[in-house]
Amino acid sequence: MNKKIIIVIITIAVIAVSGYFVYQDRAAQPSQDNTDESINGYSLEDDLRITRIIEETERTICVGQSRKQQFFISSPSQTIDVQKEYNTTLPETINNTVQYHHYNLAYDYFLITADPTASLREKPNPGSSVISPINNYEKVTLLQRVEGKFFEDSKIWYRLALVKNNELKEGYVHTSEGVPRKFKFAEMQAAVDNLTNLLSKGELHFISNYKNFNGAVPRINGAGVDEFGYRATHSGPAYDQPDTSSNYRYIPDGI
């Protein structure tokens, strides 16, 4: 066979094979439109590993709402100036039928923000004995706000209750070590009333575009986020007028 013909055949073969592998490589890449975003940066295996670590550590447990009341019977020393009692009650319009009791919160609680731990002390005084350390981001039952020893530019301390190693403990944490929080029942009721009002006006519908199943929505000026912070992915375009030429925003799947 002529040398030139052989060279041409080999060249064609190399190009064909190279093109095949390039095609295969591109085909192996998932379509960006059909790929879910990583919403927390951790794989499922990492999530489970973190959960196991937390479960194996010494947990601080919040004293539940029903058990909390006993602490108001035994008030602190009369020498301590109590500024406020945290005794939020459940409105009659809301029923507490929560079935998950593994981590039962009181209606008023204290979120620990000190890193790595806060100190639950016997008295509202930085020199008082430490009853128990409390890990960062733990939530403990909030009882009272009191005035104590001046520390870190403030005299505000909080009387807290918790369970650790199956022991009921109560003491004081300085305001610099956490944030008081409570369940916002009034806002919850307002949201339910608003939904009830909306339902009375007609049928309820929802947006269905999970994984862009019904197609990718148009981009707003080339951007994938609207003025409200909602993303184009898994959303539907909501137009100001019944006309696709009018302005629009994104409504996420499921809303």
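Described below are features of the structure shown in this document. Being a predicted model, the structure only gives us computed values, none of them experimental.

Where strand β7 (residues 154-164) lies against strand β8 (residues 167-174), eight bridges are found, and the strand directions are antiparallel. In the strand pairing of β8, R159 is matched with Y172. Hairpin connection from β7 to β8: two residues lie between these consecutive antiparallel strands, with N165 at a positive phi of about 55°.

Once that is clear, we can look at unusual backbone geometry. Cis geometry marks the peptide bond from D115 to P116; its omega dihedral reads 10°. Residue placement: P116 occurs in the loop between β3 (108-112) and β4 (117-121). The residue D153 is not glycine, and still its phi comes out positive at about 65°. You can see D153 is positioned in the loop between β6 (139-151) and β7. Judged by relative accessible area, which is 71%, D153 ranks as exposed. We note that N165 has phi near 55°; this positive angle belongs to a residue other than glycine. Structurally, the position occupied by N165 is in the loop between β7 and β8.

This brings us to the nonpolar core. In this structure, F110, I134, L160 and V173 are the most contacted members of the largest nonpolar core, which totals 13 residues. Looking at this core, the elements that each hand over two or more residues are β3, β4, β6 and β7. In terms of residue count, the dominant contributor to this core is β7 (three residues). In this view, F110 contacts E138, K139, V140, L142, Y158, L160, V173, H174, E177, G178, V179 and P180; residues no more than four positions away in its chain are not counted. Counting five residues, the second largest nonpolar core, distinct from the first, contains V63, F71, L143 and A161.

Reading guide: rules and limits
- Residues numbered from 1 in each chain as written.
- Predicted model: local features only at pLDDT ≥ 70, side-chain atom pairs only at ≥ 80, totals over all residues.
- Heavy atoms only, no water.
- Pairing = 2+ DSSP bridges.
- Helix = DSSP H or I, 4+ residues; strand = E, 2+ residues; numbered from the N terminus.
- Buried < 20%, exposed > 50% of the residue type's maximum accessible area, 1.4 Å probe, protein only.
- Core = buried A, V, L, I, M, F, W, Y, C linked by side-chain atoms within 4.5 Å.
- Contact = heavy atoms within 4.5 Å.

Worth remembering: the numbers are spatial, not functional.
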